[in-house]
Structures are given as C-alpha cells and as structure tokens.
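Chain by chain, the residues:
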Amino acid sequence: MRVLIIEDEKSLARFIELELRHEGFETKIAPDGREGLLLAIEEKWDLILLDLMLPSLSGTEICRRLRANKDDTPIIMLTARDSVFDRIYGLDSGADDYLAKPFEIGELLARIRSLFRRINRMDFIKKSNQLFYKDLLINQDACIVKQKEDIIQLTKREYELLTVFMKNINRVLTREMLLDIVWGFESSVETNVVDVYVRYLRNKLDSDSPSRYIETVRGIGYVMRQ
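Description of the structure in this document. (Residues numbered from 1 in each chain as written. Predicted model: local features only at pLDDT ≥ 70, side-chain atom pairs only at ≥ 80, totals over all residues. Heavy atoms only, no water.)

1. What to know about the overall build of the protein chain
Argument step 1. Helix and strand counts for the protein chain stand at eight helices and twelve strands.
Argument step 2. What you see for the protein chain is a C-alpha radius of gyration of 26 Å, clearly larger than the 17 Å of a compact globule of 226 residues, by over 25%.
Argument step 3. Overall size of the protein chain, expressed as C-alpha extent along the three principal axes, is 75 × 35 × 30 Å.
Argument step 4. Out of the 226 residues belonging to the protein chain, those deemed buried represent 43%.
Argument step 5. Once local pairs closer than 6 in sequence are excluded, the contacts in the protein chain between residues at least 24 apart make up 54%.
Argument step 6. Carbon and sulfur atoms make up 51% of the accessible area of the protein chain, which totals about 12800 Å².
Argument step 7. Here the protein chain holds 35 positive side-chain charges and 38 negative ones, and the gap between their average locations is 4 Å. (Helix = DSSP H or I, 4+ residues; strand = E, 2+ residues; numbered from the N terminus. Rg over C-alpha atoms; globule rule 2.2 N^0.38 Å. Buried < 20%, exposed > 50% of the residue type's maximum accessible area, 1.4 Å probe, protein only. Contact = heavy atoms within 4.5 Å. Areas by Shrake-Rupley, 256 points an atom, 1.4 Å probe, with all protein chains shown as cover. Lys, Arg positive; Asp, Glu negative; His and termini not counted. Charge placed at Lys NZ, Arg CZ, Asp CG, Glu CD.)

What follows is the structure in structure tokens.
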C-alpha cells in the first residue's frame, strides 16, 4: 500500500517514513504543499499523511482541492495546532482523521489501521448492494438493472421480482412465495400474475432464450440456477 507523506519537518517525515516502511508500506515524502498536491494528483495513493502548515500551500487547501477534484483518497491530517476549531476546520476541509503533534508512532499506526478498517467496511457495504447473475447486475442503491453494458428498463414489479430471484440463486421459489414477497397481501391478485410477470422479465432480458435466466420448475414455481 502506498502512502504519501506531505510534511515539511524533515526529521519527522523521515521518522514516519522509516516506521511505515517497516510496516510494509511504500512511501514518498513531499516537503512542500504544491509539490505534495501535484504528487497526490498525478499518482495513485492508498493514504495521504498531510501536515496542516506547509510552505506554498496549506494542508486544508490541499484537502479542498483534492475533494473538489473528486479524489477520495483517505487523508490523516498531522498538525501542532490542536484547538477544537482547528480540528473541526481540518475535518471540514475533507480530512478523514486528525492527529495532533507531538504523537506516538504507535497511535498513528493504530489510526491508519482503524481508517482502513472503516474503508473496508464501507467497500463491503457498497459491494453488498450489488447483485450479480451471469451477465446481469442490479445496483440496489440506484435501482438500475444492467445486462452486460445495457441498462434494462423494468417496471417496479418487474424490478422487485428480479431482485428476489437474484437474492435467492439456486432456490426454487413457489408462485405463492413470490406473490407474498413482491405483491404482499393484495387480495385481488391471483398467483397467475407471477407467471405473467416472469414472462415480461424473460421477454426483456432474453427473448431468444426464455429460460436462460429464469427456469420453470413444473408444478412448483421458478428458479435462477448458478
């Protein structure tokens, strides 16, 4: 993992670099704000350690420019200024964490591990909101269905039905189960409406091969098999 250290205090920057390399990180030091911003933009980093007070360009300004550029690289701000106002100012500028000098290297390493754990959890949550089956993808956050690179336009019921199938790969779902999950307890709806909507889905997903995605299990219901 690559860490950019933007710090003008040479002895501190070197000390952090040696400790991080000992932990297995690849590092680079930028002693100047503008140089640091250029490196942050031009290269890919897993983490940026950023001093608040820098020559030519402040740490908060670097944060703002990176975030304005849609750069979401994690940033831990390092600074001798430890007032509540300064911490709020640094975090509001786009930093993910804030560590006041002087600090123990053990605390810095612990904060780095904690930050990566939070990022990994968020990545897992984002990934878990996507469903995959063959060449189909459902993005549940945006309610978008894609087949390869094409967006498939579905009605609300069609989308809900497909989502149920893709959450239950290899599980045979009866018409009654699908009716209960997708339509709820609407007394006016008969079980044959499930057959109608399965046909709608098949026509939109692959009219040349009706059972390519959703298979019929005679006398029982339907299944998506992996």
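2. Some remarks on helix H6 (residues 156-167)
Argument step 1. Between the first and last C-alpha of H6 there are 17 Å, a value that for twelve residues agrees with the 16 Å anticipated at 1.5 Å per step.
Argument step 2. Of all the residues in H6, the buried ones are Glu158, Tyr159, Leu161, Leu162, Thr163, Val164, Phe165 and Met166. (Expected span 1.5 Å × (residues − 1).)

3. Side note on the side chain of glutamate 7
Argument step 1. Mapped onto the fold, glutamate 7 is located in the loop between strand E1 (2-6) and helix H1 (10-22).
Argument step 2. From its side chain, glutamate 7 meets the backbone nitrogen of glutamate 9 in a polar contact 2.9 Å long.
Argument step 3. Here lysine 101 takes part through its side chain, which lies 3.0 Å from a polar atom of the side chain of glutamate 7.
Argument step 4. Other than its neighbours up to four places away in sequence, glutamate 7 contacts Leu12, Ala13, Ile29, Ala30, Pro31, Asp51, Leu54 and Lys101. (Polar contact = N/O pair within 3.5 Å; in protein donor to acceptor, adjacent residues only side chain to side chain.)

4. Section: the packing of aromatic side chains
Argument step 1. Here the structure, examined in full by the defined rule, presents three aromatic pairs.
Argument step 2. A cation over a ring is seen here: arginine 2 above tryptophan 45, with NZ or CZ 4.0 Å from the ring centre. (Phe/Tyr/Trp six-rings, centres within 6.5 Å; stacked < 30°, edge-to-face > 60°. Lys NZ or Arg CZ within 6 Å of the ring centre and 35° of its normal.)

From the geometry alone we can't say anything about function, so treat these as descriptive.
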